[in-house]
Amino acid sequence: MSRTTRLTPSVLRVAACTGIAALTLTACGSGSGSASTGSGKGVKVGLITKTDTNPFFVKMKEGAEKAAKENGVQLTTAAGKFDGDNAGQITAIENMVASGVKGILITPSDSKAIVPAIEKARAKGVLVIALDSPTEPQSAVDALFATNNFKAGQLIGEYAKAAMKGKQAKIATLDLAPGVAVGVQRHDGFLKGFGVGEKDPSVVCSQDTGGDQAKGQTAMENCLQKAPGINVVYTINEPAALGAYTALKAKGREKDVLIVSVDGGCTGTKAVKDGKIAATSQQYPLKMAAEGVKAVATYAKDGKKASGYTDTGVTLITDKAQAGAASKDTAFGLENCWG
């Protein structure tokens, strides 16, 4: 048997990665995340998302890729294996800094735990911009391009309150995960918009979903078992909302429970059009990423750093408008879904 045929797959993989190390960043890494390298030369920009499977982050990547071509910069992308993979994001930051990126755009999975890695990158002159989710503290990054997530929650809270038309609410909140800033802000905004406090008796069930459809279904099933009379469901995002709808439909409750959500993705907006979700707050990840890439390109060109918070906008989408809750219909929503 020759030496070549006796090589194990892992040895071959190391050899392959060694041979292309100059061309890619972490595509041949240890598996803490996924990565790809865009075309282009000169200035390097890194994009690190929470995952590479969530449609929200897929759209964000599309926006960054398009902006990279328009601005003549090289884009490298990476993502955690799952929402909450802080270790994977840290590895991606370290690899990107080592490769010589001028700036990093990141949607932090853990808004606090990621800060030391960001600080190390900034100390080496790398511009770091948070997209969608702020770090804690927000000042840990140079700038933030994001939806006002509190406002997004508030809009659907106000809508739900108006849609209930004075009926006694029994609310289930299908949240993200403990301590994650974007989830906390949307949750708190919803309660503010609906006009209730965290311990109000009208909130009869709260479950974490991780923003996942299957977990959203399980959470809804658990809530229905705990409080069968639920008539309002707040969800962290549309996958969780569709999971909740599935659980409600199995109980024959899909027509008498009001579901509201956040994101405004194309699938989610179609679910609003189809009557599965009553209303959603639409945000614009493509714009977040495009603006972030342009900011890094500007920094590379003239040294001007982006700073502070840029609100990339949010719009309430519904086909059942309510007095006092300004909204756009699903025709607008589908035309602009995640633009």
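Residues numbered from 1 in each chain as written. Predicted model: local features only at pLDDT ≥ 70, side-chain atom pairs only at ≥ 80, totals over all residues. Heavy atoms only, no water.

**A few points about the nonpolar core**
Consideration 1: Counting 29 residues, the largest nonpolar core has Tyr-159, Phe-190, Phe-194 and Val-260 as its most contacted members.
Consideration 2: Broken down by element, the residue count for this core peaks at seven residues, all from helix H5 (residues 149-164).
Consideration 3: Among residues more than four places away in sequence, those in contact with Val-260 are Ile-156, Tyr-159, Ala-160, Phe-190, Val-233, Tyr-234, Thr-235, Ile-277 and Ala-279.
Consideration 4: With 26 residues, the next largest nonpolar core counts Phe-57, Ala-68, Leu-127 and Ala-295 among its residues. (Core = buried A, V, L, I, M, F, W, Y, C linked by side-chain atoms within 4.5 Å. Buried < 20%, exposed > 50% of the residue type's maximum accessible area, 1.4 Å probe, protein only. Helix = DSSP H or I, 4+ residues; strand = E, 2+ residues; numbered from the N terminus. Contact = heavy atoms within 4.5 Å.)

**Here we look at the packing of aromatic side chains**
Consideration 1: Within the structure shown, the criterion is met by four aromatic pairs.
Consideration 2: Ring centres of Phe-190 and Phe-194 lie 5.9 Å apart, and the angle between their planes is 35°; on these two criteria the pair is classed as tilted. With Phe-190 and Phe-194 both in helix H6 (residues 181-194), this residue pair falls four residues apart, about one helical turn.
Consideration 3: Residue Phe-190 is classed as buried on the basis of its relative accessible area, which comes to 0%.
Consideration 4: On the basis of relative accessibility, which here comes to 4%, the residue Phe-194 falls in the buried class.
Consideration 5: A cation sits over an aromatic face here: Lys-102 above Tyr-299, 5.1 Å from the ring centre.
Consideration 6: When the ring centre of Phe-332 is taken as origin, the NZ or CZ atom of Lys-328, which lies over that ring, is 5.5 Å away. (Phe/Tyr/Trp six-rings, centres within 6.5 Å; stacked < 30°, edge-to-face > 60°. Lys NZ or Arg CZ within 6 Å of the ring centre and 35° of its normal.)

**Here's the deal with the pattern of salt bridges**
Consideration 1: Using the criterion set out here, one finds eight salt bridges in the structure.
Consideration 2: A salt bridge links Glu-291 to Lys-294, with the nearest nitrogen and oxygen atoms 3.1 Å apart. One end of the pair, Glu-291, and the other, Lys-294, are both in helix H10 (residues 285-302), three residues apart, so they sit about a helical turn from each other.
Consideration 3: With relative accessibility at 30%, the residue Glu-291 sits in the partly exposed group.
Consideration 4: Looking at Lys-294, the relative accessible area reads 34%, which means it is partly exposed. (Salt bridge = Lys/Arg side-chain N within 4 Å of Asp/Glu carboxyl O.)

Function-wise, these values are silent; they only describe arrangement.
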